[in-house]
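# Analysis of the macromolecular model
Listed here are the chains, written in short residue letters.
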Amino acid sequence: MVVAVVLLVVLSSNGSDDKSSKTDANEVPTIQVNKNGEPVGGIVDLTYHKGDRIRFKVHSAIADEVHLHGYDIPKEVAAGGTVSFDVPATIEGVFEAEMEDQKEQILQITVEP
């Protein structure tokens, strides 16, 4: 006789304003940047594992260069435009993305083993 055990786990928000998250393979976070070059809601923290794909979008109210440091990937974004990043997570560590001309950090990425 085979007995199956089903475990149901329910996750709920505890109301904290922690912006860190482990990313889901199907999820592509979008960082909104206001007219001052600042991330709406503050700097976003994302965590990936080495071998994952680092995926995120930046929708910006201003024209600037979005620079993913550590991986050294710059991408221009037009005012009112969106730019997408899809990069293999090959380097472990903590990295930032910033609005380069504004010198404003918008994102912190952690790549774990």
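Residues numbered from 1 in each chain as written. Predicted model: local features only at pLDDT ≥ 70, side-chain atom pairs only at ≥ 80, totals over all residues. Heavy atoms only, no water.

### Examining the overall build of the protein
Along its length, the protein carries zero helices and nine strands. The order of helices and strands in the protein, counted from the N terminus, is β-β-β-β-β-β-β-β-β. Restricting the contact set of the protein to residue pairs at least 6 apart, pairs at least 24 apart contribute 59%. When the accessible surface of the protein is summed, it comes to about 7100 Å², and 51% of that surface belongs to carbon and sulfur atoms. (Helix = DSSP H or I, 4+ residues; strand = E, 2+ residues; numbered from the N terminus. Contact = heavy atoms within 4.5 Å. Areas by Shrake-Rupley, 256 points an atom, 1.4 Å probe, with all protein chains shown as cover.)

### So, the nonpolar core
Counting residues in each nonpolar core, the largest one holds 24 residues, and the members touching the most others are Ile54, Phe56, Val58, Ile106 and Leu107. No other element matches the four residues that strand 9 (residues 104-112) contributes to this core. Dropping the residues within four chain positions of it, Ile54 is found in contact with Tyr48, Tyr71, Phe85, Asp86, Val87, Ala89, Ile109 and Val111. (Core = buried A, V, L, I, M, F, W, Y, C linked by side-chain atoms within 4.5 Å. Buried < 20%, exposed > 50% of the residue type's maximum accessible area, 1.4 Å probe, protein only.)

### Details of the packing of aromatic side chains
For the structure shown, the criterion picks out two aromatic pairs. Geometrically, the ring pair formed by Phe56 and Phe85 is stacked, given 4.6 Å between the ring centres and 10° between the ring planes. One end of the pair, Phe56, is in strand 4 (residues 53-60); the other, Phe85, is in strand 7 (residues 82-88), and 29 residues separate them in sequence. Both residues of the pair, Phe56 and Phe85, count as buried. With a centroid separation of 5.2 Å and an interplanar angle of 70°, the aromatic rings of Tyr71 and Phe95 are classed as edge-to-face. (Phe/Tyr/Trp six-rings, centres within 6.5 Å; stacked < 30°, edge-to-face > 60°.)

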